[in-house]
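Chain by chain, the residues run as shown.
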Number of protein chains: 2
Amino acid sequence: MRDVAIVGIGQTKVGEHWEKSLKELATEAILGAIKDAQVERVDSLYIGNMLSGELTGQEHLGALVSDFAGLRGVEAVKIEAACGSGAAALRIGYVAVAGELADFVVVAGAEKMTDRPSEQVTAALAMAADGDFEAQSGMSFVALNALLMRRYMYEFGVRHQDFAPFAVNAHQNAVNNPYAMFPFPVTVEDFRKAKMIADPVNLLDSSPVCDGAAAVVLCPAEMARRFGERPVRIRASVIATDTIALHDRRDLLALEGAALSAAKAYQQASLGPQDIDLFEVHDAFTIMSVLSLEACGFAERGCGTRLGLEGEIAIGGSLPITTMGGLKARGHPVGATGMYQIVEVVEQLRGQAGKNQVADARLGMAQNIGGSGATAVTTILESMD
Amino acid sequence: MRDVAIVGIGQTKVGEHWEKSLKELATEAILGAIKDAQVERVDSLYIGNMLSGELTGQEHLGALVSDFAGLRGVEAVKIEAACGSGAAALRIGYVAVAGELADFVVVAGAEKMTDRPSEQVTAALAMAADGDFEAQSGMSFVALNALLMRRYMYEFGVRHQDFAPFAVNAHQNAVNNPYAMFPFPVTVEDFRKAKMIADPVNLLDSSPVCDGAAAVVLCPAEMARRFGERPVRIRASVIATDTIALHDRRDLLALEGAALSAAKAYQQASLGPQDIDLFEVHDAFTIMSVLSLEACGFAERGCGTRLGLEGEIAIGGSLPITTMGGLKARGHPVGATGMYQIVEVVEQLRGQAGKNQVADARLGMAQNIGGSGATAVTTILESMD
């Protein structure tokens, strides 16, 4: 087993791309990453995506995108793990390079969600939950998160407005991200007044439906200095699972899969949460941010909202999160999200995050979650400079 | 990189399983493989599937199935490469074990297609083709294969009835396979009189819509003798791609992706087509068998039908194919097919193929194809006895 580096990144702006198809978005990100890396060969393409079949009428994305991107012939498959598909694809690519089965691997995440009516998108997203018990009962993902949030507030005596800092921070950081869907600030007052979606989850607790694609190029760390600029080492990449249905959890407010994934990642990297300089959290909903922060050991059980209230999650805080806007404000094209998180951590570790740069960032972590925590992918990256 | 062995196999009968859900089928195959292998630990689960979202309203199969099968916590993702999903998942599992990133990996393929109206299944299958050009124009997969077959007949002066031996052989072999969907023989006369589907493709040129799941357990070859019985070594596992749309091919009658995949597999295993004792071909349509046989070097261009006409493809012939019934008669639950092929090759190499046993079989090969050849996965297995 050898060390693996990220030597190129590419991404499209997140938003409603009515003029671009899924394969065009994916190709834009892939060619951007290849150009950034300046590699001359690609051995394989792993593309994370959840909903291409349901929302764009297209499967077989591996062959489709490798063909369109000029990579015809390479090994190419689609990797699906609901909203965790992006980072899951990174894990598959990491395994191939770490295990010496491939040298140059492109990993992409791509999703196109805005071409269909919103009720169809809501139903499609519910395919990440347990179809026989949750989706069948009419539970959408907002509803599942509302259950979690309500229970969390009750159990730990937390007020709804205590979640506001996560939305405010994400939007603040998106202002300086040219790829963000919502590059404008929101206030605590906006959060309080936001339209209710599924009580207690309101509009500003929730990430948007959107289109986007992001990609990276991997190669063996020992070759990394020959390509791109300021390579970043993958210190850990771990997928773990939990029960798919909430009612099967031992503890509704503990994401055991996320905790397992983080614990294994820390072990793989031989470090702990105190060593992490920034964290891209899976803020599909504010409650998911809080549960992920707790699962990863950044906060005690029931105390996740304090990190926001005490200002620790801002760029200058002790644990900057959603540094380029997160799922909330950069946007959440579901199968692409995990790759956006990775691309953004790389930007931070390269010192290319502009006004959002976390000072002296050397170790960055991302946790990408599928469903209500049924899949959790934790990635730890380190600057090689 | 280390050698990888298959130490357990499991499969469900192929057919219309109105009483079993997709996760139940997958779990039946997975638990069968684990029991056969007698392993006590599983590190990860890779599940090949194409249409769970479109036809069963369920994505996130990795987490769903690992949970249901009692493997909660393991790394688990779905691998999609159209009808090549099954063997593509095997490749991903192979990479993990060969590269020393995992020791005990379960690879499954599962598909449930019979719960929806046939026009919806036809449309869903067309998602394996180029949506913008082929599916959009109303081309179903039968239609795409009809184009190939018509052109092949014209180009090489081959008659339609020359394809009959592939259907006859597949059905003959299915008679002795307890897991086959169509365990009955058909004659050349039946083939001639079969209902036309899309001229010149008739019913007996075509594989059926059905449900099924198959699975294997992988472990390092050096540990293989501790588990299961008569382990089989993976000598090669290669995915290659081609253009997704037929109109982009340099040569309509040469499956370049399949040829590339086979050439790389022979290179990886340091052997050639003459060394192969049996071949599980992707006979989704008889024309696809012929093109795959030619791409793999078992027949010259334009001569693939001769292997059938001369009896070489029968159990006692020089190159037995579809030895347990193939896609035609065992059945073609699309995302599971690649894993059925692997399970059947293992049965042959273990000497467990009963009346269909290929004498002294030591080296078996399978080629699993996605779309009209856009993805091709070639696997070469060898008995370790």
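One can find the structure itself at the top, above this paragraph.
Residues numbered from 1 in each chain as written. Chains lettered and ligands numbered in written order. Predicted model: local features only at pLDDT ≥ 70, side-chain atom pairs only at ≥ 80, totals over all residues. Heavy atoms only, no water.

Colleague: Just checking my understanding: could you explain the nonpolar core for this structure?
Modeller: One broad trend across soluble globular proteins is that nonpolar side chains are buried collectively. Ranked by size, the top nonpolar core spans 87 residues in total, and within it V216 and L218 of chain A together with V216 and L218 of chain B carry the most contacts. Ignoring any residue separated from it by four or fewer positions in sequence, one finds L218 of chain B in contact with V4, A5, I6, L90, G93, Y94, V97, D103, F104, V105, V107 and I234 of chain B. (Core = buried A, V, L, I, M, F, W, Y, C linked by side-chain atoms within 4.5 Å. Buried < 20%, exposed > 50% of the residue type's maximum accessible area, 1.4 Å probe, protein only. Contact = heavy atoms within 4.5 Å.)

Colleague: Help me understand the packing of helix α1 (residues 22-37) of chain B against helix α3 (residues 61-68) of chain B in this model?
Modeller: The relative placement of two packed helices is expressed as an angle between their axes plus a distance between the axes. Residues and elements named next belong to chain B. Look at α1 against α3: their axes get within 9 Å of each other, and the N-to-C directions meet at 60°. Here α3 runs oblique to α1, going by the angle between their axes. With respect to the hand of their crossing, α1 and α3 are arranged in right-handed fashion. Only L61, L64, V65 and F68 of α3 make contact with α1, whose side of the interface consists of L22, K23, E24, A26, T27 and I30. (Axes fitted to C-alpha atoms, helices over the stretch in contact; angles between N-to-C directions. Helix = DSSP H or I, 4+ residues; strand = E, 2+ residues; numbered from the N terminus. Parallel < 35°, antiparallel > 145°, perpendicular 65-115°, else oblique. Left-handed = near helix turned anticlockwise from the far one by under 90°.)

Colleague: I tried to follow the interface of chain B and chain A on my own but got confused; where do I start?
Modeller: Think of interface size as the accessible area that goes away when the parts come together; that is how it is often given. Each partner contributes to the interface: chain B provides 55 residues, whereas chain A provides 55 residues. Taking both partners together, chain B and chain A bury about 4,300 Å²; carbon and sulfur atoms supply 54% of that area. Linking chain B to chain A there are four salt bridges. We note a salt bridge from D132 of chain B to K23 of chain A, for which the minimum N-O separation is 3.3 Å. Taken together, the links from chain B to chain A amount to 26 residue pairs in polar contact (both at pLDDT 80 or more). For the side of chain B that touches chain A, the secondary structure elements donating two or more residues are α2 (52-56), α3, β3 (75-80), α4 (85-98) and β8 (232-241) of chain B. In terms of residues, the side of chain B that touches chain A owes the most to one element, α4 of chain B, which gives seven residues. Class assignment for the residues of the side of chain B that touches chain A results in 29 nonpolar, 13 polar and 13 charged. (Buried area = accessible area lost by both parts, 1.4 Å probe. Salt bridge = Lys/Arg side-chain N within 4 Å of Asp/Glu carboxyl O. Polar contact = N/O pair within 3.5 Å; in protein donor to acceptor, adjacent residues only side chain to side chain. Nonpolar A, V, L, I, M, F, W, Y, C, P; charged D, E, K, R; others polar.)

Colleague: What exactly am I supposed to notice about the relation of the copies chain B and chain A here?
Modeller: Note on the chain copies: they are related by a rotation about an axis and a translation along it. In screw terms, the move from chain B to chain A is a rotation of 180° and a rise of 0.0 Å along the axis, fitting with an RMSD of 0.0 Å. What the superposition gives is, in effect, a two-fold axis relating one chain to the other. When each C-alpha of chain B is compared by its distance to the rotation axis, G99 of chain B comes out closest, at 1.7 Å. An overlap of 100% is found between the interface residues of chain B and their copies at the interface of chain A, pointing to a shared contact surface. (Least-squares fit on C-alpha atoms with pLDDT ≥ 70 in both.)

Colleague: Even after reading the chapter, I still don't get the side chain of R91 of chain B, so can you show me in this structure?
Modeller: Following the sequence through the fold, R91 of chain B ends up in helix α4. With residues near it in sequence (within four places) discarded, R91 of chain B still touches E75 and L101 of chain A together with S237 and I239 of chain B.

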